Amino acid sequence: MNNFLKKSKQNAIILASLSVLVVIFTLLNRNFLDKYNVVNMAQSLAPYAIMSLGVTFVIATGGIDLSIGTVCIAASTVAGKLYMSGCDIWVTIPVMILIGLLFGVINGLLVAKLNLPAFIATLGTMMFARGISAIIVSDPNIFYPTGTWFNSVFSNSNGFPVGFFWVIGFALICGYIMYKTRLGRYILSIGSNEEATRLSGINTDFYKMMAYIISGLGAGLAAIFWSASFTTVATATGNGMELDAIAGVYIGGTSAAGGIASISGSAIGSAMLVVIRSGLNFVLAKFNLNVNSTYVTYVLTGVIVVVAVLMDVLKNKKQSDVKKQNKKEKRKPKAQKSK
């Protein structure tokens, strides 16, 4: 109950911050809440939010997955190559999911079974995914159809942001897995204290692998929404996407040290980054400022992430100090009795 109240309070703070950003950008430029821009933001949100939700499981173990951005694009381009070669569009959907799962399994094996540092392992698969997809596809750009059921189901239907509701659905599933199943509880336990979890008889390698598989699944699913929303996909790209997704997780309240995860916070954190990116475009355009909004977004995102992680570190330090103080107070009466 106490943890639930803490998460609710944290989500309320993030939602309030998001609302303030929306109000500020709307006051600076009335076109910010134009229907077209709202739909455009929802389209941008879906792939990033789904990647964030997937990688939350990895970060909850105390790990990291740097490959999700390039895996997302690799899945999109390889599946798109099949479509351009004559396969039906529905064939691309399971292909993208399978590619994401494949890289999730590889990452899980490297980290859990071969004991490679997560940073190094996923950095390697990130580079591998980028290179191998470019070799397989060989075309500089992959083109997906427009105005079909594929776009209507996974992007927007007559101006209605369908992708937003897919994000909510996936968040509910992830929330159930994280908080209501043995898988989620063990993942959080590994993040809190992996050695203690292992000594209690839990197969920590298996559950760490499952965390990376879920992250890979998120990258594969994100590829579907990316392909449906941005119908021209460039090969050998994707670097930087994972940073936005991971930033959303940290902003949402998931601890960088592991053991604490906020599924709803990851979705809200991703939405905040999308709002910042879009809002800056409108503000800079209105005031004719000769500054690239992408770079300004990087600056703000970097500051927000550092502040979010710093607050998490200070909170963990404070909790650790309180536990130490409580232990000292419990020992005092025993010491007095012995005297």
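Each remark here, short or long, concerns the structure printed above.
Treat the numbers as computed from the prediction; the structure is a model and nothing was measured. (Residues numbered from 1 in each chain as written. Predicted model: local features only at pLDDT ≥ 70, side-chain atom pairs only at ≥ 80, totals over all residues. Heavy atoms only, no water.)

Novice: Which residues make up the packing of aromatic side chains, and what values go with them?
Specialist: Two descriptors summarise a pair of aromatic rings, namely the distance from one centre to the other and the angle between the planes of the rings. All told, the structure shown has 16 aromatic pairs when counted by the stated rule. Between the aromatic rings of F160 and F165, the centroid separation amounts to 5.5 Å while the plane-to-plane angle is 10°, which identifies the pairing as stacked. One aromatic cluster in this structure is built from Y83, Y144, W149, F150, F154, W166 and F225. When the ring centre of Y48 is taken as reference, the NZ or CZ atom of R277 above it lies at 5.4 Å. (Phe/Tyr/Trp six-rings, centres within 6.5 Å; stacked < 30°, edge-to-face > 60°. Lys NZ or Arg CZ within 6 Å of the ring centre and 35° of its normal.)

Novice: So what's going on with the pattern of salt bridges? Which residues, and what values?
Specialist: All told, the structure shown has four salt bridges when counted by the stated rule. Of the charged contacts in the structure, one is a salt bridge between D139 and K81, with a shortest N-O distance of 2.8 Å. Here D139, found in the loop between α5 (118–137) and β1 (141–143), pairs with K81, found in helix α3 (residues 68–84); they are 58 residues apart in sequence, far enough to count as distant. Owing to a relative accessible area of 24%, D139 belongs among the partly exposed residues under this scheme. (Salt bridge = Lys/Arg side-chain N within 4 Å of Asp/Glu carboxyl O. Helix = DSSP H or I, 4+ residues; strand = E, 2+ residues; numbered from the N terminus. Buried < 20%, exposed > 50% of the residue type's maximum accessible area, 1.4 Å probe, protein only.)

Novice: Please provide a residue-by-residue account of the packing of α3 against helix α10 (residues 204–229), values included.
Specialist: Look at α3 against α10: their axes get within 8 Å of each other, and the N-to-C directions meet at 50°. Regarding the angle of α3 to α10, the classification is oblique. For the pair α3 and α10, the sense of crossing is right-handed. Of α10, the residues touching α3 (which contributes I68, V71, C72, I73, A75 and S76) are S215, A219, A222, A223, W226 and S227. Of the residues in the contact of α3 with α10, the class split is nine nonpolar, three polar and no charged. (Axes fitted to C-alpha atoms, helices over the stretch in contact; angles between N-to-C directions. Parallel < 35°, antiparallel > 145°, perpendicular 65-115°, else oblique. Left-handed = near helix turned anticlockwise from the far one by under 90°. Contact = heavy atoms within 4.5 Å. Nonpolar A, V, L, I, M, F, W, Y, C, P; charged D, E, K, R; others polar.)

Novice: Outline the state of the cysteines, listing residues and values.
Specialist: Any covalent bond linking the sulfur atoms of two cysteines counts as a disulfide. As enumerated under the stated definition, the model contains zero disulfides in all. C72 takes part in no disulfide bond, and the closest cysteine sulfur, belonging to C174, lies 15 Å away. (Disulfide = S-S within 2.5 Å.)

Novice: Tell me about helix α11 (residues 241–251), residues and numbers included.
Specialist: Where burial is concerned, most of α11 is hidden: 10 out of the 11 residues are buried. What α11 keeps buried is the set M241, E242, D244, A245, I246, A247, G248, V249, Y250 and I251. A positive phi of about 110° marks G253, the residue just after α11.

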